[in-house]
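# Close look at the chain arrangement
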Amino acid sequence: MLQPYVWPVFFEVPMKEAAAAITAYVPENMRSQVIEKRSNLILLDAYNANPTSMEAALDAFGKLNKRKHKMVILGDMYELGDYSKAEHEHLGELVNKMTLDKICFTGKDTQYALSKAPKALYFPDPFSLRNWLQDSNLEDYQILIKGSRGMKLEGLLGFI
């Protein structure tokens, strides 16, 4: 006879308290952080990026419809070695399939994504993207910002 499954108790925290804590969790430190700025909703995920996390973030972002316009700002995924070109090309394929108003790539390796996402804008570094953002006067956008930690994409927030 099968025994009913009993949830294990870790650290002697009651299940209701654990569930409440998880429900109340608000991401910080550039990990899926939600920021409202003027009429824009920004999802800042600039702590780390790899092919799996990038695809998951894009998938979740694609299902979110909180503003009139959608935009992604994607930076390099570091530490991919010989796979960098192929993985950044795949990134271009992913965003090209999405319904987006604006696509911005920044970083040395995101240039490879352009061959698969020809409507995207390319900026060799975040500094050059800052000027474009400042001049764009973005309003009523939901914006995903994602890239490897070394890209320091959180520095773009002040220009949106």
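Residues numbered from 1 in each chain as written. Predicted model: local features only at pLDDT ≥ 70, side-chain atom pairs only at ≥ 80, totals over all residues. Heavy atoms only, no water.

### Examining the pairing of strand E4 (residues 102–106)
Two faces, one strand: in a regular strand the side chains alternate between the faces of the sheet. Here E4 lies mainly inside the structure; four of its five residues are buried. Two strands pair when backbone bridges link them, and strand E3 (residues 69–75) and E4 are joined in this way by five bridges, in the parallel orientation. When the bridges of E4 are listed, Val 72 appears paired with Ile 103. With three bridges joining them, E4 and strand E5 (residues 121–123) adopt parallel strand pairing. Bridged to Phe 105 within E5 is Tyr 122. (Buried < 20%, exposed > 50% of the residue type's maximum accessible area, 1.4 Å probe, protein only. Helix = DSSP H or I, 4+ residues; strand = E, 2+ residues; numbered from the N terminus. Pairing = 2+ DSSP bridges.)

### Things to note about the pattern of salt bridges
If you walk through the whole model with that rule in mind, you get seven salt bridges. Measuring nitrogen to oxygen at the nearest pair gives 2.9 Å for the salt bridge that ties Asp 109 to Lys 108. With relative accessibility at 11%, the residue Asp 109 sits in the buried group. Note that Arg 149 and Glu 154 form a salt bridge whose closest N and O atoms lie 2.7 Å from each other. (Salt bridge = Lys/Arg side-chain N within 4 Å of Asp/Glu carboxyl O.)

### A word on the environment of Val 95
Structurally, Val 95 is set in helix H3 (residues 84–96). The buried category is assigned to Val 95, whose relative accessible area is 0%. Along the chain, Val 95 and Ala 120 lie 25 residues apart, while their C-alpha atoms are 9.0 Å from each other. Those residues in contact with Val 95 that sit more than four places away from it in its chain are Leu 58, Val 72, Leu 74, Leu 100, Ile 103, Phe 105 and Ala 117. (Contact = heavy atoms within 4.5 Å.)

### Re the side chain of Ser 148
Relative to the assigned elements, Ser 148 resides in the segment after strand E6 (141–146). For Ser 148, a relative accessible area of 3% puts it in the buried group. Among the polar contacts made by the side chain of Ser 148, one reaches the main-chain amide nitrogen of Tyr 78 at a distance of 2.8 Å. With sequence-adjacent residues up to four places away left out, Ser 148 is seen in contact with Ala 46, Asn 48, Ala 49, Asp 76, Met 77 and Tyr 78. (Polar contact = N/O pair within 3.5 Å; in protein donor to acceptor, adjacent residues only side chain to side chain.)

By themselves these figures say nothing about function.
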